[in-house]
Amino acid sequence: MSSNSKGSNSESGTSPLTDATPWSVRFQRQRDEMTDAEQRVGAYFLQHPESVQRSISELIEISGLGYGTVIRFCQKLGCRGFQEFKVLMARDAIEANADRSKQGDPDFLQTIHERIREDLNRTARNIDRNEMERAAAALQQAGRVLCVGVASSAPLALSLEWKLKRFGIRSSFLSDGYVMAVEASLLSEGDVLVAVSSSGTTKDIVTAVQLARHAGATVIAITNFSKTPLVDASDIRLITSGARDPLAAEVPSLAEGELLLTLLAECIRRLNPEVDATVLKTFEAIADRKL
C-alpha cells in the first residue's frame, strides 16, 4: 500500500471490517511506512491481544504508549480510532478461534471448567475486603438502590436487584440508557446507584454514574477493569478478575460476578442478621407461586 492510501478507510468512512485482511497482516504490509513509535504500538498489540478489552486510558497507563501515537497507528490501518481498531482485533480473534474449533478439542469442557475456576479463584484473592464492607454498609443503609447494567452486564445488575429485594432493601433495575439517566438524576443523598459494566467504559453507564454523583447519591462500581472511566467516577469499586480473552469477553461468563454478589450478600447478612427474617417473609409471599 502506498503512503497516499494510508488511512483511506477512515477518510472515506468505509468500515475496516469490509476488508477481510487480518489487522496483523495489514500491519506487516505497512510497517516500513510507519514511524518507530507506531511500529512499537503494533508490536505491543501483537504481544497483548487482551488490549481489545481495555479503554484507551487504561492502555496508555499500562503500556506507556503515547495517546496520539496509538490513534495514528489505528488510522494507518484504516480505522477512525482505537475503538474501531478494537472491533477489528475482536473480529480477527473470533475467526482464529473458529479455525481452532474446527480442528476439534476433546478436552474443551475441562479447559473451560479450569478457566472459570481460575477466574473465581483470582477474583476471590483480589477482592478488596474494605471496599466490599463499605458497599454492604451503603446498600444496607440506602433509602433506595438503583442497579444498572446493559448488554452482557445486565443479568448481574438484575441478579443483585433481586437479592436486595429479598433482603427488604428498596431496589430497582434498569438497562435502558435514557430511563437510566432520568432515574439516576432523581436520586439523592442516602440513595445508592450500583453500576455494573465489565469493560467500565459503557457510555450509558458512565453517564448514569455521573448524574447520580451530581445528585448526591453513592455510586458502587462492579467491573472487570481497574483503570476505567467508571472506576474513576465511582465512590466504591468492586473489581472482578474474569478472563480477558477477546472472544470470551464478548460472551462472558457471569460466574465471577455472581461470586462477588454472593460475597456482598453475605456481608449484608453479617451487618444486619435481621434480613434473614425478611428473606423468610418474602419466601412465604411467593411459596404458592410454585407448582
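Residues numbered from 1 in each chain as written. Predicted model: local features only at pLDDT ≥ 70, side-chain atom pairs only at ≥ 80, totals over all residues. Heavy atoms only, no water.

Trainee: A description of the overall build of the chain should follow, citing residues and the corresponding values.
Mentor: The helix and strand inventory of the chain stands at 15 helices and five strands. Of all 291 residues assigned to the chain, the portion counted as buried reaches 42%. A fraction of 71% describes how many contacts in the chain between residues 6 or more apart in sequence connect residues 24 or more apart. About 15,200 Å² of surface is accessible on the chain, with carbon and sulfur atoms providing 52% of the total. (Helix = DSSP H or I, 4+ residues; strand = E, 2+ residues; numbered from the N terminus. Buried < 20%, exposed > 50% of the residue type's maximum accessible area, 1.4 Å probe, protein only. Contact = heavy atoms within 4.5 Å. Areas by Shrake-Rupley, 256 points an atom, 1.4 Å probe, with all protein chains shown as cover.)

Trainee: Which residues make up the packing of helix H2 (residues 23-30) against helix H3 (residues 36-47), and what values do they have?
Mentor: Running from N to C, H2 and H3 cross one another at 150 degrees; their axes reach a closest spacing of 11 Å. Relative to H3, H2 is oriented roughly antiparallel. As for how H2 packs across H3, the hand of that crossing is left-handed. Where H2 abuts H3, its residues Trp23, Ser24, Phe27 and Gln28 lie against Gln39, Gly42, Ala43, Phe45 and Leu46. (Axes fitted to C-alpha atoms, helices over the stretch in contact; angles between N-to-C directions. Parallel < 35°, antiparallel > 145°, perpendicular 65-115°, else oblique. Left-handed = near helix turned anticlockwise from the far one by under 90°.)

Trainee: How would you sum up the nonpolar core? Please name residues and give values.
Mentor: One finds Leu139, Val145, Val194 and Ile220 to be the most contacted residues of the largest nonpolar core, which totals 29 residues. Tallying contributions element by element places helix H14 (residues 255-271) first for this core, with six residues. Sequence-distant contacts of leucine 139, that is, excluding residues within four places in its chain, are made with Val145, Leu164, Ile169, Val192, Val194, Ile220, Leu264 and Ile268. Among the nonpolar cores identified, the runner-up in size contains 21 residues, and Phe27, Ile56, Leu59 and Phe73 belong to it. (Core = buried A, V, L, I, M, F, W, Y, C linked by side-chain atoms within 4.5 Å.)

Trainee: With reference to specific residues and values, describe the packing of aromatic side chains.
Mentor: Summed over all chains, the structure comprises 10 aromatic pairs. Relative to phenylalanine 73, the ring of phenylalanine 45 lies with its centre 5.9 Å away and its plane at 45 degrees, an arrangement referred to as tilted. Taken together, the positions of phenylalanine 45 in helix H3 and phenylalanine 73 in helix H5 (residues 67-76) put the pair 28 residues apart, joining distant regions of the chain. Of the aromatic side chains, those joined through ring pairs into one cluster are Trp23, Phe27, Tyr44, Phe45, Phe73, Phe82 and Phe85. (Phe/Tyr/Trp six-rings, centres within 6.5 Å; stacked < 30°, edge-to-face > 60°.)

Trainee: Break down the sheet that holds strand E5 (residues 236-239) for me, citing the residues and quoting the values.
Mentor: Pairing in this open sheet of five strands is parallel, and the strands run E2-E1-E3-E4-E5 from one edge to the other. Pairing within the sheet leaves two strands with one partner each, and these edge strands are strand E2 (171-174) and E5. Ignoring which end each strand starts from, the neighbouring axes of this sheet average 15 degrees apart. Where strand E1 (residues 145-148) lies against E2, four bridges are found, and the strand directions are parallel. Looking at E2, one finds that valine 148 is bridged to leucine 174. Against the sheet, helix H11 (residues 203-215) contacts E1, strand E3 (192-196) and strand E4 (218-223), and its axis sits at roughly 165 degrees relative to E3. (Pairing = 2+ DSSP bridges.)

Trainee: Describe the confidence of the model for the chain, with residues and values.
Mentor: Overall, the prediction assigns the chain a mean pLDDT of 85, with 86% of residues at 70 or greater. Looking at the elements of the chain, mean pLDDT is at its lowest for helix H1 (residues 8-12), recorded as 50, and at its highest for E1, recorded as 98. Low confidence marks residues 1-6, where pLDDT is under 50. Its contacts with residues over four positions away, or in another chain, come to nine contacts. (pLDDT = per-residue confidence, 0-100.)

Trainee: Give me the lowdown on the environment of glutamate 161, citing residues and values where you can.
Mentor: Relative to the helices and strands, glutamate 161 resides in helix H9 (residues 154-166). Owing to a relative accessible area of 9%, glutamate 161 belongs among the buried residues under this scheme. When the C-alpha atoms of glutamate 161 and leucine 174 are compared, they prove to be 9.7 Å apart, with 13 residues separating the residues in sequence. Those residues within four positions of glutamate 161 in sequence are excluded, and the remaining contacts are Cys147, Ser171, Ser172 and Phe173.

Trainee: Please provide a residue-by-residue account of the side chain of arginine 144, values included.
Mentor: Relative to the helices and strands, arginine 144 resides in the loop between helix H8 (129-141) and E1. The contact partners of arginine 144, leaving out residues within four places of it in the chain, are Arg170, Ser172, Glu183, Leu187, Gly190, Asp191 and Val192.

Trainee: Can you tell me about unusual backbone geometry, naming the residues and giving the values?
Mentor: Unusually for a residue other than glycine, alanine 151 sits at a positive phi of about 55 degrees. Note that alanine 151 resides in the loop between E1 and H9. We classify alanine 151 as exposed; its relative accessible area is 68%.

Trainee: Can you explain the side chain of threonine 240? Please cite residues and give values.
Mentor: Take threonine 240: it is sitting in the loop between E5 and helix H13 (246-250). The exposure class of threonine 240 is buried, given its relative accessible area of 8%. Here asparagine 224 takes part through its side chain, which lies 2.9 Å from a polar atom of the side chain of threonine 240. Those residues in contact with threonine 240, other than ones at most four positions away along the chain, are Thr123, Thr223, Asn224, Glu256, Gly257 and Leu260. (Polar contact = N/O pair within 3.5 Å; in protein donor to acceptor, adjacent residues only side chain to side chain.)

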